Amino acid sequence: MGISIDNFYIDFINQINDVDKNTQKISISLNRQCKLCGKDMVLKYSKFGFFAGCSGYPECKYTEGVDDNTSGVTCPKCKGNVIHKKTKKGKPFLSCENYPDCDFSSWGTIVKNR
């Protein structure tokens, strides 16, 4: 007869958990330290948009707003600036200022390998 909704849901959740465990997170360092604990500040994204957050989260919950279009981050592909953009429907994302010559973009937090 087909797959029941329970079986589908269990398989779907297992696939999401596998991807979450096996996907490497990318972090973009903002090249400045947290004012509370001294760890690196990184670019993060929430439902309210981009912000600067302490890399020591959840122990340190310090955050700052990101006011302008420039993220303060260098593109990992071409060394241009990573800037904030919005889709036609208004969803925010990060992209290289050198588009279309450079195709770097990201929907969320970017983590730099250390």
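The shown structure was predicted, so the numbers you read here are calculated from the model rather than taken from an experiment.

1. Points about the pairing of strand E3 (residues 49–54)
Stage number 1. With 5 of its 6 residues buried, E3 lies for the most part within the structure.
Stage number 2. Alignment of strand E2 (residues 40–46) against E3, held across 6 bridges, turns out to be antiparallel. Across the sheet, Met 41 pairs through a bridge with Cys 54, a residue of E3.
Stage number 3. Hairpin connection of E2 to E3: 2 residues between the antiparallel strands.
Stage number 4. Bridge count for E3 against strand E4 (residues 63–65) is 3 bridges, and the pairing is antiparallel. Opposite Phe 51, over in E4, you have Gly 65 as the bridge partner.

2. Quick look at the pattern of salt bridges
When their charged atoms lie close together, side chains carrying opposite charge are able to pair.
Stage number 1. Evaluated as defined, the whole model comprises 3 salt bridges.
Stage number 2. Measuring nitrogen to oxygen at the nearest pair gives 3.0 Å for the salt bridge that ties Glu 64 to Arg 32. Linking Glu 64 in strand E4 with Arg 32 in strand E1 (residues 29–33), this pair joins segments that are 32 residues apart in sequence.
Stage number 3. A relative accessible area of 35% places Arg 32 in the partly exposed class.
Stage number 4. Between Glu 64 and Lys 35 there is a salt bridge whose closest N-O contact spans 3.9 Å. Of this pair, Glu 64 sits in strand E4 while Lys 35 is found in the loop between E1 and E2, placing the two residues 29 residues apart along the sequence.
Stage number 5. Because the salt bridges share partners, they merge into one network encompassing Arg 32, Lys 35 and Glu 64.

Calculation notes
- Residues numbered from 1 in each chain as written.
- Predicted model: local features only at pLDDT ≥ 70, side-chain atom pairs only at ≥ 80, totals over all residues.
- Heavy atoms only, no water.
- Buried < 20%, exposed > 50% of the residue type's maximum accessible area, 1.4 Å probe, protein only.
- Helix = DSSP H or I, 4+ residues; strand = E, 2+ residues; numbered from the N terminus.
- Pairing = 2+ DSSP bridges.
- Salt bridge = Lys/Arg side-chain N within 4 Å of Asp/Glu carboxyl O.

These results come straight from atomic positions and should not be treated as a statement about function.
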